[in-house]
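Structural characterization, general
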Amino acid sequence: MSGRSRARGTCRVAAVAIATALSATAATALADTERGNTLAAVCAGCHAPGTAAASVTETFPNIWGLNELALRQRLLDYQQDLGAPTLMNRIAKGYTEEELTLIAAAIAAVAPEEQP
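Residues numbered from 1 in each chain as written. Predicted model: local features only at pLDDT ≥ 70, side-chain atom pairs only at ≥ 80, totals over all residues. Heavy atoms only, no water.

Considerations on the overall build of the protein chain
In plain terms, the rule: A run of H or I in DSSP becomes a helix once it reaches four residues, and a run of E becomes a strand once it reaches two; helices and strands are each numbered from the N terminus. Each residue is assigned to one of three classes by its accessible area relative to the maximum for its type, calculated with a 1.4 Å probe on protein chains only: buried under 20%, partly exposed between the two thresholds, exposed over 50%. Surface accessibility in these figures is a Shrake-Rupley result with a 1.4 Å probe; residues are shielded only by whichever protein chains are displayed.
Counting its regular elements, the protein chain contains four helices and zero strands. In sequence order, the protein chain lays out its α and β elements as α-α-α-α. Counting over 116 residues, the protein chain shows a buried share of 23%. When the accessible surface of the protein chain is split by element, carbon and sulfur atoms take 62% of a total near 7700 Å².

Side note on helix α2 (residues 68–79)
An α-helix turns once per 3.6 residues; consequently, residues spaced three or four apart project the same way. Condition: A helix's residues, less one, multiplied by 1.5 Å, set its expected span. What makes two residues a contact is simply this: any of their non-hydrogen atoms within 4.5 Å. Whenever a nitrogen or oxygen atom comes within 3.5 Å of another N or O atom, the pair is scored as a polar contact, on the condition that within protein one atom can donate a hydrogen and the other can accept it, and that pairs from neighbouring residues in sequence are kept only if both atoms are in side chains.
Spanning twelve residues, α2 covers 16 Å between terminal C-alpha atoms, matching the ideal 16 Å at 1.5 Å per step. On its buried face, α2 is in contact with α3 (87–92) and α4 (97–108). Where α2 begins, one side-chain oxygen reaches toward the backbone nitrogen of leucine 69, 3.0 Å away; that side chain belongs to asparagine 67. At the C-terminal side of α2, aspartate 81 shows a positive phi close to 60°.

A few points about the pattern of salt bridges
Worth spelling out the cut-off: Throughout this description, the term salt bridge denotes a Lys or Arg side-chain nitrogen within 4 Å of a carboxyl oxygen of Asp or Glu.
Under the defined criterion, the tally for this structure stands at four salt bridges. Taking the shortest distance from any N to any O, the salt bridge between arginine 72 and glutamate 97 comes out at 2.8 Å. Residue arginine 72 is located in helix α2, and its partner glutamate 97 is located in helix α4; the two are separated by 25 residues in the primary sequence. Overall, arginine 72 belongs to the partly exposed group, its relative accessible area being 23%.

Brief notes about unusual backbone geometry
Even without a glycine there, the phi angle at aspartate 81 is positive, about 60°. Mapped onto the elements of the fold, aspartate 81 is located in the loop between α2 and α3. Under the relative-accessibility criterion, aspartate 81 is labelled partly exposed at 46%.

Describing α4
In this model α4 runs 16 Å from its N-terminal to its C-terminal C-alpha over twelve residues, within 8% of the 16 Å that 1.5 Å per residue would give. What α4 keeps buried is the set Glu99, Leu100, Leu102, Ile103, Ala104, Ala106 and Ile107.

Structural notes on the packing of α2 against α4
Helix-helix packing is described using two parameters, namely the angle between the two axes and the distance between the axes. To keep it simple, the criterion reads: With axes taken as lines fitted to C-alpha atoms, and helix axes fitted only over the stretch in contact, angles between N-to-C directions fall between 0 and 180 degrees. Take the far helix as the reference: if the near one is turned anticlockwise from it by less than a right angle, the crossing is left-handed, and if turned clockwise, right-handed. Three classes are used: nonpolar for Ala, Val, Leu, Ile, Met, Phe, Trp, Tyr, Cys and Pro, charged for Asp, Glu, Lys and Arg, and polar for all others, with Gly counted as polar.
The interhelical angle for the contact between α2 and α4, taken along N-to-C directions, is 140°, at an axis separation of 8 Å. Seen from above, α2 lies across α4 with right-handed handedness. Packed against α2, whose contacting residues are Glu68, Leu71, Arg72, Leu75, Leu76 and Gln79, the element α4 presents Glu97, Leu100, Thr101, Ile103, Ala104, Ala105, Ile107 and Ala108 at the interface. Residue composition of the contact of α2 with α4, grouped by class: nine nonpolar, two polar and three charged.

Structural notes on the environment of glutamate 68
When you line up the elements, glutamate 68 lands in helix α2. A residue is classified by how much of its surface remains accessible, and glutamate 68, at 35% relative accessible area, is partly exposed. Counting along the chain gives 40 residues from glutamate 68 to alanine 108, while the straight-line C-alpha distance between them is 5.0 Å. Residue contacts for glutamate 68: discarding those within four places in its chain leaves Ala104, Ala105 and Ala108.

So, in structure tokens, the structure goes:
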């Protein structure tokens, strides 16, 4: 086998490895999105399901479409009992940090008019 043939073979192997890694990454991202959507669907039980202004209160604010990083931090703060105690402190403790991150991403991705 010539050096040129070996180089082509190496490039093909590298290309297949990269394609496989990208496919796995895309599959993981899709699975994370689906998992986050499933976890976040529970939030609609209290947090302004639908678009009716009457469903938005100080106790149960509309959270859909909020900034992902700010929402993630708020959820982590609830989990660690930072701030005034609320029902959310107890709820957040039932999730892992990874799950709270997925929930925040799912909620942030929903435009208010597309609320569950």
